[in-house]
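Here is how the chains run, residue by residue.
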Protein chains: 2
Amino acid sequence: MNKRATTMADNRARLISAARKAFAEKGYAAASMDELTAAAGLTRGALYHNFGDKRGLLAAVVDQIDSDMAQRAQQIAAAETDSWQGLLAEGAAYIRMALEPEVQRIVLLDGPAVLGDPSQWPSQSSCLQATRQKLELLITQGVLKPVDTEAAARLLSGAALNAALWIAASASPEAVTAKAVEAFRMLASGLLAPSAIK
Amino acid sequence: MNKRATTMADNRARLISAARKAFAEKGYAAASMDELTAAAGLTRGALYHNFGDKRGLLAAVVDQIDSDMAQRAQQIAAAETDSWQGLLAEGAAYIRMALEPEVQRIVLLDGPAVLGDPSQWPSQSSCLQATRQKLELLITQGVLKPVDTEAAARLLSGAALNAALWIAASASPEAVTAKAVEAFRMLASGLLAPSAIK
DNA sequence: AAGCAAAACATACGCTGCGTATGTCAAATT
DNA sequence: AATTTGACATACGCAGCGTATGTTTTGCTT
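Residue and element names in this part refer to chain A. Segmentation of chain A into domains returns domain 1 (1–52) and domain 2 (62–196). The gap between the C-alpha centroids of domain 1 and domain 2 is 30 Å. At the junction of the two partners, domain 1 supplies seven residues and domain 2 supplies nine residues. Buried area between domain 1 and domain 2, both sides added, is near 720 Å², and the carbon and sulfur share of it is 58%. On the domain 1 side of the contact with domain 2, Arg-20, Ala-24 and Tyr-28 bury the most area, a combined 73% of that side's loss.

For any two helices packed against each other, one specifies the crossing angle of their axes together with the interaxial distance. Residues and elements named next belong to chain B. It is the contact of helix H8 (residues 149–169) with helix H9 (residues 173–188), at a shortest axis distance of 9 Å, that shows an interaxial angle of 165°. Classified by the interaxial angle, the pair formed by H8 and H9 is roughly antiparallel. Considering the relative orientation of H8 and H9, their crossing is right-handed. Contact with H8, carried on its side by Leu-156, Ala-160, Ala-163, Trp-166 and Ile-167, involves Pro-173, Val-176, Thr-177, Lys-179, Ala-180, Phe-184 and Ala-188 of H9 and no other residues of that element. Tallied by class, residues from the contact of H8 with H9 come to ten nonpolar, one polar and one charged.

Every one of the 20 residues lining DNA strand C counts as a neighbour, but Asn-11, Thr-43 and His-49 of chain A together with Arg-44 and Tyr-48 of chain B are closest to it. For DNA strand C, the backbone makes up 68% of the atoms found within 4 Å of the protein, where backbone means sugar plus phosphate. Ala-31 of chain B has a polar backbone atom sitting 3.2 Å from a phosphate oxygen of DNA strand C. Interatomic distance of 2.5 Å between a side-chain N/O atom of Tyr-48 of chain B and a phosphate oxygen of DNA strand C.

Criteria and thresholds
- Numbering of residues begins from 1 in every chain and follows the order in which that chain's sequence is written.
- Following the order in which they are written, the chains are lettered starting with A and the ligands numbered starting with 1.
- Given that the model is predicted, a residue must reach a pLDDT of at least 70 before its local features are reported, and side-chain atom pairs must reach 80 or more before they are shown or counted; all residues, however, enter totals for whole chains, interfaces and linings.
- With hydrogens and water stripped out, all remaining heavy atoms of the structure feed into the side-chain values.
- Domain borders in the structure are assigned automatically or taken from a domain database.
- Only heavy atoms enter the contact rule, under which two residues are in contact if any of them lie within 4.5 Å.
- Buried area: the sum, over both parts, of the accessible surface (1.4 Å probe) that disappears when the two are put together.
- Axes here refer to lines fitted to C-alpha atoms; in helices the fit is confined to the stretch in contact. Angles between the N-to-C directions go from 0 to 180 degrees.
- The secondary structure listing takes helices from DSSP runs of H or I that are at least 4 residues long and strands from runs of E that are at least 2 residues long, numbered from the N terminus.
- Angles below 35 degrees are treated as roughly parallel, those above 145 as roughly antiparallel, those between 65 and 115 as roughly perpendicular, and all remaining angles as oblique.
- Here is the rule for handedness: rotate from the far helix to the near one, and if that takes an anticlockwise turn smaller than a right angle the crossing is left-handed, while a clockwise turn gives right-handed.
- All amino acids are sorted into three groups, where Ala, Val, Leu, Ile, Met, Phe, Trp, Tyr, Cys and Pro are nonpolar, Asp, Glu, Lys and Arg are charged, and the leftover types, Gly among them, are polar.
- When we say a residue is near a molecule or strand, we mean one of its heavy atoms is within 4 Å of it.
- For this analysis, a polar contact is any N or O atom pair within 3.5 Å, provided that within protein one partner can donate a hydrogen and the other can accept it, and provided that sequence-adjacent residues contribute only side-chain to side-chain pairs.

Right, dumping it as structure tokens:
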């Protein structure tokens, strides 16, 4: 195999890894590219060659974290047999994931501010796509009212996001998480078809 | 009256006004303080004397816009006789207000990224407070289930925010706004007490 | 196998922009 | 009227991004 390609892939991975730490700890604006690359054992030369600019690096980092999140959510949702319970579990999972500094600081705060609307990202915000598919399934099953799935997925993810910001800023994360998850379930139940209400 | 105080208040107002424009058009990070102050007929000296630093200016701008929003929402909600309809109208109003560049770019994107959680702002995010009070009223009236009002207000505002980001990035804002408002109403109806469901 | 071309990364430079330290002038106080 | 206070301007230093240029290793060609 190509030695060039492997070392380059390795360097990219190390830069992204260092960026995840730096962006999560200092925030995008305060993260120094010199420190970042030095921590990865490289210089800014490697950075601008691989990612174009600082924004490009953030985009790569966001893409990676977003993929991780979607994968984890997939597993959690798959554990539920009922699709409706799966949706609720997924929402709760997103709220909890959003408590991690990497997710919150990078994906939820700096990401939209620097890169723009999440749905326009190359990853297309995998999380959004996943919940949307789940909603479509539930509608065909007659569990939900025939709502616009993109709209519902957007609002639900937005609700989860703000819940996370709230929890992260609160003094007692556990208690607040419980409240947030309950409120999330209540809001989501507004999508239920009349026949599906227990 | 003091001449010092009046001119100082005037200068503060002019700086905030110029900042609203610059931050909305270029974003917080890309807005130059030299250009900003020059546009207001002043220099950076006035800025650092009045607001401490760039963040301080953003905080002042956010505070002003947030107050404006709350006031406008108050009027809109007051036009509705039914409290429940008032809540829905207020939500729709927030979604529409969030389409304005000043609100979206400054309050919803850069604000949280630079200043942190909105509920910790000096204005305490007036919008959040307003919806929360409305929710409390509706619960005492028996219209809503006894949900935690802070949680519900947070998630609702989060949903409205993401709806706005979605609309702003879309090609046909009108059509998307209709979908978003409908989904918002559906989610909010999840808070309704069983007896209040028509 | 040897030389060549290309690419990955390092080094060096310039420019922008924030924050601060110092200066100045008007206004309020006495 | 003199003095002091304070609002704002001017001047400086420093950090950090992006780019232009240099260097070395790799992979291909003949």
